[in-house]
Amino acid sequence: MRYPRRTSARADRFFAGLVASAGYFVLFALAGAAISMFWGGREAITTFGFDFFTSSNWDVGAGQFGAAVAIFGTLVSATIAMLIAVPISFGIALFLTEVAPNWLRGPVAAAIELLAGIPSIIYGMWGLFVLAPYLGEHIYPWVNDNLGELPLIGALFQGPPIGIGLLTAGLVLAVMVIPFTSSVMREVFLTVPTRLKESAYALGSTKWEVAWDIVLPYTRTAVIGGVFLGLGRALGETMAVTFVIGNAYNISASLLEPGTSIASSIANEFAEAVDPLHKSALLALGFVLFVITFVVLSISRLMLRQLKRREGTV
Amino acid sequence: MSESSNLHRWRAIKNQIALVLSGAAALFGLFWLTWILWTTLSRGIGAINWALFTQMTPPPNEEGGLLNAFAGSAVMCLMAIAIGAPIGVAAGTYLAEYANFRKIGHTIRFVNDILLSAPSIVLGLFVYTLVVATTGQFSAIAGSIALALIVLPVVVRTTDDMLRLVPSQMREAALSLGVPQWKVTVQILYRGALGGIVTGVLLALARISGETAPLLFTAFSSQYWSLDLTQPMSNVPVVVFQYAASPYESWQQLAWAGAFMLTMFVLVLGICARLILLRNRIANE
């Protein structure tokens, strides 16, 4: 009797060790990614020092590399995307949880979730071949003529109507991010206890008042978590942006001018980079992107987790 | 009296405006997504023909197909699943069965969630320094590893979630009969969670089949038919990227055909995954 028990104890230990090492592998994957990029980028950072982050001079021929343009483009395009995507996603989530008739809610939610799975390269091709020409021909000339004259914000909208640039990149990103943020918000809104909402209705609240004064305050942290999740996606998105941002190292006040982002610089240049310093600079850019998205995604997860804890399902 | 009825009217109007706006937002969101889908369908269907599946990627301005790209994508996606899914299932098992309420479990879950939404190009850079820089050349193996790193968190998450849905009475009943824990996990819990785990693998496959960024400098691409895993390998997303950005009409046509096939594949897989999940849920109830 003792023999089989001992082998089964050994098998148990072996299995536990096996799955534990797989669990630790997840940690290794993320840490390894961070370390490898930092290590690969150290040459660029030691060569240029802190100037690497503040210089806007990226000249492959002259061996000068400054990350400011790419960081600027990444932040601006993601900000434009979120400014559009957040209100729209809130509207969609509200529509799918409070407004739409029941038979419509399931199919529309499923359709939006399916569309979230479409590869980003498709969004990029659509942006380049369909959206950018349309904007360049019909919308941007109007924007330039009418908004370009305004005080203060006018400078944002002056520029050649070529169709590609930071604003177009932001628009394509917004369309990409909407399915993500709206489905997170929808799921979050569904967690609001019915009795809370019904109490408010019983006191005579309108649907909007229930949404704004009951649902939103109850879910505030998780909603912000969902917004940050979308922001993390927008910051790191590569293919959709590469097609439409213009890939020019140029900082300008105008959103209609072409620019570049961290991810699109890496995608365009890394495979062809021969100069070790160039490669190192791109790896350092990758590290910067990693740090930015890590912070944004951590905030997002912590905020989404708070909601789960309240539900008691951690 | 009139003041309160004014207030009432104002609240009603505000409500109406908000509801109309929310409907408009839903329409607006769906409008863009339908537009994208329509573009892919209308431009893609025209470019579909028999040669697409029987001929190799052509030089500029010549007729050809995407046969080598399809084959390369299939090889690399399957290898990525073969590498990523077992590790993912094991790590998910660790989280659900061994580290559920421990600190290390929370840490791994947190890191896994970050990995789940980390920019895929960053994983491409990681595998580049890990594999391509050390072996000295782009290879299909490097591409598969980069894709496996995307499969991993998806499978970890679904395995973890699905195992925790299995009622603990099942575990207790089996353990009280003297079955060792690893047998309980492999023979009882996995059976209960199988549908969910398969769904996770399908969703992971859907996600990697269109991933371009991590392949750009790991598998790179190739003009030719090649199944040598130590060499650069052609694949649909990178070919679509290169051809779409090219000035040649015939290449752009092929890019749309590739984009159409990718979209269809992803949508069909997504629907299949949801059907499996739905059937499981009904069977459980």
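Just so we're clear, the structure is a prediction, and the values are computed from it rather than from any experiment.

Enquirer: How would you summarise a nonpolar patch on the surface if you had to cite specific residues and measurements?
Expert: On the surface, a nonpolar cluster with roughly 520 Å² of combined accessible area is contributed by L7, W10, I13, I17 and L21 of chain B. Overall, W10 of chain B belongs to the partly exposed group, its relative accessible area being 47%.

Enquirer: Please provide a residue-by-residue account of the packing of aromatic side chains, values included.
Expert: Residues and elements named next belong to chain A. With the rule as written, the count across this model stands at 30 aromatic pairs over all chains. Their ring planes at 85° and their centres at 5.4 Å tell us that F52 and F53 sit as a pair that is edge-to-face. Relative accessible area serves as the criterion here: at 0%, F52 is assigned to the buried category. Residue classification places F53 among the partly exposed positions, given a relative accessible area of 29%.

Enquirer: Lay out the interface of chain A and chain B in plain terms, naming residues and giving numbers.
Expert: Counting from both sides, the interface comprises 79 residues of chain A and, opposite them, 80 residues of chain B. Here chain A and chain B share an interface that buries about 7100 Å² over both sides, 80% of which is from carbon and sulfur atoms. Viewed at the interface, chain B and chain A are joined by 3 salt bridges. As a salt-bridge pair, R11 of chain B and E209 of chain A come within 2.7 Å of each other at their nearest N and O atoms.

Enquirer: So what's going on with helix 8 (residues 207-236) of chain A? Which residues, and what values?
Expert: When the terminal C-alpha atoms of helix 8 of chain A are compared, their 37 Å separation across 30 residues is substantially less than the 44 Å that a helix rising 1.5 Å per residue should span. The largest bend in helix 8 of chain A comes to about 75°, at R220 of chain A.

Enquirer: Can you explain helix 4 (residues 102-115) of chain A? Please cite residues and give values.
Expert: The end-to-end C-alpha distance of helix 4 of chain A is 21 Å, a good match for the 20 Å that 14 residues give at a rise of 1.5 Å each. Of the residues making up helix 4 of chain A, those classed as buried are V108, A109, I112, L114 and L115 of chain A.

Enquirer: Run through the packing of helix 5 (residues 120-135) of chain B against helix 6 (residues 140-165) of chain B, naming residues and quoting values.
Expert: Residue and element names in this part refer to chain B. Closest axis-to-axis distance for the helix 5/helix 6 pair is 9 Å, and the angle between their directions is 140°. Classed by the angle they form, the pair helix 5 and helix 6 counts as oblique. Once helix 5 is placed against helix 6, the crossing between them reads as right-handed. The segment helix 5 lies against helix 6, with S120, L123, F126, V127, V131 and V132 engaging A142, I145, A146, L149 and I150. When the residues that make up the contact of helix 5 with helix 6 are grouped by side-chain class, the tally is 10 nonpolar, 1 polar and no charged.

About the cut-offs
Residues numbered from 1 in each chain as written. Chains lettered and ligands numbered in written order. Predicted model: local features only at pLDDT ≥ 70, side-chain atom pairs only at ≥ 80, totals over all residues. Heavy atoms only, no water. Patch = residues over 30% accessible without salt bridge, like charges linked within 9 Å, V, L, I, M, F, W, Y side chains within 5 Å. Areas by Shrake-Rupley, 256 points an atom, 1.4 Å probe, with all protein chains shown as cover. Salt bridge = Lys/Arg side-chain N within 4 Å of Asp/Glu carboxyl O. Buried < 20%, exposed > 50% of the residue type's maximum accessible area, 1.4 Å probe, protein only. Phe/Tyr/Trp six-rings, centres within 6.5 Å; stacked < 30°, edge-to-face > 60°. Contact = heavy atoms within 4.5 Å. Buried area = accessible area lost by both parts, 1.4 Å probe. Helix = DSSP H or I, 4+ residues; strand = E, 2+ residues; numbered from the N terminus. Expected span 1.5 Å × (residues − 1). Bend = angle between axes of the 7 residues up to and from the residue. Axes fitted to C-alpha atoms, helices over the stretch in contact; angles between N-to-C directions. Parallel < 35°, antiparallel > 145°, perpendicular 65-115°, else oblique. Left-handed = near helix turned anticlockwise from the far one by under 90°. Nonpolar A, V, L, I, M, F, W, Y, C, P; charged D, E, K, R; others polar.

The analysis is restricted to geometry; functional conclusions fall outside its scope.
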